[in-house]
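The residues making up each chain are set out below.
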Amino acid sequence: MGDIVETKPVLYSYWRSSCSWRVRIALNLKEIPYDIKAVSLIKGGGEQHCNEYREVNPMEQVPSLCIDGHTLVESLNIMHYLEETRPNQRPLMPQDCFKRAKVREICEVISSGIQPLQNLIVLIYVGEEKKKEWAQHWITRGFRAVEKLLSACAGKYCVGDEITLADCCLVPQVFNARRFHVDLRPFPIILRIDRELENHPAFRAAHPSSQPDCPPEVAK
Ligand SMILES: O=C(O)/C=C\C(=O)CC(=O)CC(=O)O
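Residues numbered from 1 in each chain as written. Predicted model: local features only at pLDDT ≥ 70, side-chain atom pairs only at ≥ 80, totals over all residues. Heavy atoms only, no water.

Overview of a nonpolar patch on the surface
On the surface, Ile42, Leu120 and Ile124 cluster together into a nonpolar patch covering about 300 Å² of accessible area. Positionally, isoleucine 124 belongs in helix α5 (residues 120-126). (Patch = residues over 30% accessible without salt bridge, like charges linked within 9 Å, V, L, I, M, F, W, Y side chains within 5 Å. Areas by Shrake-Rupley, 256 points an atom, 1.4 Å probe, with all protein chains shown as cover. Salt bridge = Lys/Arg side-chain N within 4 Å of Asp/Glu carboxyl O. Helix = DSSP H or I, 4+ residues; strand = E, 2+ residues; numbered from the N terminus.)

With respect to the packing of helix α4 (residues 97-113) against helix α6 (residues 131-153)
Each pair of packed helices can be summarised by the angle the axes make with each other and by the distance between the axes. Viewed as axis vectors pointing N to C, α4 and α6 meet at an angle of 170 degrees, and their least axial separation amounts to 10 Å. Comparing the axis directions of α4 and α6 gives the class roughly antiparallel. Residues Lys102, Glu105, Ile106, Val109 and Ile110 of α4 form the contact with α6, whose participating residues are Gly142, Ala145, Val146, Leu149, Leu150 and Cys153. When the residues that make up the contact of α4 with α6 are grouped by side-chain class, the tally is eight nonpolar, one polar and two charged. (Axes fitted to C-alpha atoms, helices over the stretch in contact; angles between N-to-C directions. Parallel < 35°, antiparallel > 145°, perpendicular 65-115°, else oblique. Contact = heavy atoms within 4.5 Å. Nonpolar A, V, L, I, M, F, W, Y, C, P; charged D, E, K, R; others polar.)

Observations regarding the site of the ligand
Near the ligand you find Tyr14, Arg16, Ser17, Ser18, Leu41, Gln115, Gln118, Asn119, Leu120, Asn176 and Arg179, and these make up its full shell. One of the backbone nitrogen or oxygen atoms of serine 18 is found 2.7 Å away from an oxygen atom of the ligand. At a separation of 2.9 Å, an oxygen atom of the ligand approaches a polar side-chain atom of glutamine 118. Alone, the ligand offers 370 Å² of accessible surface; in the complex the protein occludes 93% of this. When grouped by side-chain class, the residues that make up the shell around the ligand number three nonpolar, six polar and two charged. When residues of the shell around the ligand are sorted by domain, at least three fall in each of domain 1 (11-89) and domain 2 (97-204). (Near = heavy atom within 4 Å. Polar contact = N/O pair within 3.5 Å; in protein donor to acceptor, adjacent residues only side chain to side chain. Domains from an automatic or database assignment.)

Topic: the sheet that holds strand β3 (residues 64-67)
Picture the strands of a sheet paired through backbone hydrogen bonds; they go either parallel or antiparallel. Strand order across the open sheet formed by four strands is β2-β1-β3-β4, with mixed pairing between neighbours. The sheet is open, and its two edges are formed by β2 (35-38) and β4 (70-73), each paired on a single side. Neighbour to neighbour, the strand axes of the sheet diverge by 20 degrees on average, direction disregarded. Here four bridges tie strand β1 (residues 10-13) to β2, and the two strands are oriented parallel to one another. The residue of β2 that forms the bridge with valine 10 is aspartate 35. (Pairing = 2+ DSSP bridges.)

Re the UniProt feature "domain: GST N-terminal" (unreviewed entry) in the protein
In the UniProt entry, the feature "domain: GST N-terminal" (unreviewed entry) is given for residues 7-90. Annotated as 35% helix and 19% strand, the span residues 7-90 places its first and last C-alpha atoms 21 Å apart. (UniProt positions renumbered as here; feature names shortened; annotations may be inferred.)

Written out as structure tokens, the structure is:
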């Protein structure tokens, strides 16, 4: 054991990236201390595209996490790694196989079916004129599915009464929905869960406005 040097995990993160935010919530819930290396997605066309960062993450996206001597990319993959390596530090997956499947289902609808369609690179491609309507369309379509799924499995949170990875995905996506002025009135369960979690310390500390790279005029 003597020569193992425990280094603090490093999260490559951008304050307003919903995928970085998911991982920040999971790290906070599991009480894993970490340092943030801010990657600006907008400065100079995006620091994620520079050669140095491409070595960390070939998809040129955030987040990436250096932990346990490894570098991992893709937010859901990172969250599952945290869960598998630290299952007893505030479990974020239920024990029951069906409930686990429900958690993964909601995570996937958001992380594959909604977020990528309203991601910055896609909106740049869609163009300034159409981007708001585009983002609203795909978030609304996805939230219809999420609301329907939640009507069958939600308790206090997305799946039952314990916080899971599904909640880590939902809250940042609700923020994005508000950012694009999506009408959230048709989604009462989503809104209730979001309200339930907004003041939770782990969620508050992960919020974009609490990040070291949040512009001061937004942070206040
Ligand atoms: O400050 C910016 O406008 C740049 C990027 C983002 O918000 C992050 C995204 O691309 C969307 C997302 O995380 O889902």
